[in-house]
Amino acid sequence: MNAEPEPQYNDAGPLITSPVDLAEMALVEAELDKRWPETKIEPSLTRIAALMDVLGSPQHGYPAIQIAGTNGKTSVTRMIDSLLTALHRRTGRITSPHLQLATERIAIDNAPITPGQYVELYRELLPFLEMIDKQSLAAGGPALSKFEVLVAMAYAKFAEAPVDVAVVETGMGGTWDATNVIDGQVAVITPIGLDHTEYLGPDLTSIAGEKAGIIKKAPVDELVPRDTVTVIAEQQPEVMEVLLRRAVEMDAAVAREGSEFRVLSRRVAIGGQVLELQGLGGVYDDIFLPLHGEHQAHNAVLALAAVEAFFGAGASRQLDIDAVRAGFASAVSPGRMERMRSAPTIFLDAAHNPHGAQALAATLTSEFEFRKLVGVVAVLGDKDAAGILDALEPIFDEIVVTENGSPRALPVESLANLAVQRFGDERVAVATDLPDAIETAIALAEEGEGGEHLSGAGIVVTGSVVTAGAARSLFGKDPA
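Residues numbered from 1 in each chain as written. Predicted model: local features only at pLDDT ≥ 70, side-chain atom pairs only at ≥ 80, totals over all residues. Heavy atoms only, no water.

Caption draft 1: Region of the structure containing the pattern of salt bridges. Scanning all chains against the criterion turns up 20 salt bridges. The closest approach of N and O atoms between Glu169 and Lys73, which form a salt bridge, is 4.0 Å. Taken together, the positions of Glu169 in strand 7 (residues 165-169) and Lys73 in helix 3 (residues 73-86) put the pair 96 residues apart, joining distant regions of the chain. Looking at Glu169, the relative accessible area reads 1%, which means it is buried. (Salt bridge = Lys/Arg side-chain N within 4 Å of Asp/Glu carboxyl O. Helix = DSSP H or I, 4+ residues; strand = E, 2+ residues; numbered from the N terminus. Buried < 20%, exposed > 50% of the residue type's maximum accessible area, 1.4 Å probe, protein only.)

Structure below.
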């Protein structure tokens, strides 16, 4: 029997993946999909804590930076990872949800694990998963959820690597999120808005209370005493009050955007923006960030402050400026205002709630001058589709509504009705699937008055992380 070729690598990860590994991973995913989905949570860490115990508590074998919030979590997580790598630390990273392939969720040294490693991890943990499932079911509870299993896989992989620091993005919430069995030395709270209200609470203070659960007391360690630090993005006053109260209760130091750190200036540049940032340790200038939008500048200074807090930087101790520049220059956030092609220019953006859509609209308005802009929008059924469309209506000349292939997708007829109410019949087109929607959008973008070809047009595919991921695959992009 001929052996399958070994994966080849570059700095971004595997270039070639064995078809056998992909097939085996598909089988593992089918098994995992029989478990509770990520959209179903229970206010308990009992099962994941029990699993960590039988695995030897791998999550306590390395320090961690944990990130929670409503918007910007993944971008902040990836920037922190990139900065730590530039500062010569080996990292393990958890992000969720994934865009294209579940392996993206678990990364070592800024590269996702391979499908083969994913399968191997799952099989190594399977006897322990079955043990905890049996215990929980016998006690009248549910089996481990899919997300709990993925978190356990990640923490086990980080210990095996081993990593110097884990960079952990929470899933949906904070207090009861499976990632929260880790003790973060630094807790990062990105902007909090209304999302997942059916699970996290009906208002901002409820949601903030749930997210604040990642802020914890420092473990008692007489040999290596340390503090925990909470790094907080700009927030609504009622949200900030909840977060600060939790920090006080947990005896955690606090660094706030707009007070201890801030964006001093930003200017649009080719392929991104150039920033001047006031960090905890001083001013960092001439920072090139290859990401678009003012919101990404704020994500950047949040990431910088988090890394400074991790290293104990302060007024008399600044991070190496060249390493900071290199870290930001190499930062990537797939599916966030990511360019796919030119003529017409096509961007993908994973905006999936009104706050994200507003940030997208602001970026397109302030940084680009398209002669015509067409949106391709597919939304999940449990999201605020009306709010997303309200935010996008002022910037799109026309919109193509469709479905993204997810079982949770809002039916295209329902999305079309919402779009017509906001855009009018003449500005809305309907496509049955994403490939057809993109083709329709290209035709609309290139058509000027009288049917002549129009240059300088743009297309933005958005409305969901699932939509951005599906479109990324259509354009032949590898998972990252």
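Caption draft 2: Representation of unusual backbone geometry in the model. The omega torsion across Ser96 and Pro97 is -10 degrees, close enough to zero to call that bond cis. Position of Pro97 relative to the elements: it lies in the loop between strand 4 (91-94) and strand 5 (106-108). Look at the link from Ala343 to Pro344: it is a cis peptide, with omega at -5 degrees. Along the chain, Pro344 falls in the loop between strand 14 (338-341) and strand 15 (345-348). A positive phi angle is found at His88, which is not glycine, with a value near 70 degrees. Checked against the element boundaries, His88 lands in the loop between helix 3 and strand 4. Of note, the phi angle at Asn110 is positive, near 70 degrees, even though the residue is not glycine. Mapping Asn110 onto the fold places it in the loop between strand 5 and strand 6 (111-112).

Caption draft 3: Up close: the packing of helix 7 (residues 204-211) against helix 8 (residues 237-249). Where helix 7 meets helix 8, the closest approach of the two axes is 9 Å, and the angle between their N-to-C directions is 30 degrees. With respect to helix 8, the axis of helix 7 lies roughly parallel. Considering only the axes of helix 7 and helix 8, their crossing is right-handed. In contact with Leu204, Thr205, Ala208 and Gly209 of helix 7, helix 8 contributes Glu238, Val239, Val242 and Leu243. (Axes fitted to C-alpha atoms, helices over the stretch in contact; angles between N-to-C directions. Parallel < 35°, antiparallel > 145°, perpendicular 65-115°, else oblique. Left-handed = near helix turned anticlockwise from the far one by under 90°. Contact = heavy atoms within 4.5 Å.)

Caption draft 4: Seen up close, the sheet that holds strand 17 (residues 398-401). Sheet architecture is open: six strands sit in the order 14-15-19-16-17-18, paired in mixed fashion. Each having just a single partner strand, strand 14 and strand 18 (428-430) make up the two edges of the open sheet. The sheet shows a mean angle of 25 degrees between the axes of neighbouring strands, taken without regard to direction. Pairing of strand 17 with strand 18, which is carried by three bridges, proceeds in the parallel orientation. (Pairing = 2+ DSSP bridges.)

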